[in-house]
Amino acid sequence: MPEKEAGLDVSSDAPSAPVRPRQALPPKGSCWYCEKPLDSVKRFCGKACADSFDEEAEYTR
């Protein structure tokens, strides 16, 4: 990797991403935004619902 050869450690210099409210939600078998049935691992059916959930959570704080 060129970054390591140049003496740059990208992982330690990069700030950690902010924790989004959706990341703390447990999977429940359906989308947290639109209630579409999902498997027992996913929290949202797609990026649009996840982004909408984050936007709504920001306004309801």
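Residues numbered from 1 in each chain as written. Predicted model: local features only at pLDDT ≥ 70, side-chain atom pairs only at ≥ 80, totals over all residues. Heavy atoms only, no water.

**Description of the packing of aromatic side chains**
Following the criterion strictly, the structure yields one aromatic pair and no others. Here Phe-44 and Phe-53 contribute two aromatic rings whose centre-to-centre distance is 5.3 Å and whose plane-to-plane angle is 55°, an arrangement assigned as tilted. (Phe/Tyr/Trp six-rings, centres within 6.5 Å; stacked < 30°, edge-to-face > 60°.)

**A short note on the side chain of Ser-30**
Relative to the assigned elements, Ser-30 resides in the loop between helix 2 (10-13) and helix 3 (47-59). A residue is classified by how much of its surface remains accessible, and Ser-30, at 12% relative accessible area, is buried. Not counting the four nearest positions on each side in its chain, Ser-30 is found in contact with Glu-35, Lys-36, Pro-37, Leu-38 and Arg-43. (Helix = DSSP H or I, 4+ residues; strand = E, 2+ residues; numbered from the N terminus. Buried < 20%, exposed > 50% of the residue type's maximum accessible area, 1.4 Å probe, protein only. Contact = heavy atoms within 4.5 Å.)

**Description of the environment of Phe-53**
Within the secondary structure, Phe-53 sits in helix 3. Excluding anything up to four places from it in sequence, Phe-53 contacts Pro-21, Arg-22, Leu-25, Trp-32, Tyr-33 and Phe-44.

**Some thoughts on the pattern of salt bridges**
The full count for this structure, using the stated rule, is two salt bridges. Residue Asp-51 is joined to Lys-47 by a salt bridge in which the shortest nitrogen-to-oxygen separation is 2.8 Å. One end of the pair, Asp-51, and the other, Lys-47, are both in helix 3, four residues apart, so they sit about a helical turn from each other. With relative accessibility at 31%, the residue Asp-51 sits in the partly exposed group. (Salt bridge = Lys/Arg side-chain N within 4 Å of Asp/Glu carboxyl O.)

**Here's the deal with the nonpolar core**
If you look at the biggest cluster of nonpolar residues, it comprises seven residues: Leu-25, Cys-31, Leu-38, Phe-44, Cys-49, Ala-50 and Phe-53. When neighbours within four sequence positions are excluded, Leu-25 is seen to be in contact with Trp-32, Arg-43, Phe-44 and Phe-53. (Core = buried A, V, L, I, M, F, W, Y, C linked by side-chain atoms within 4.5 Å.)

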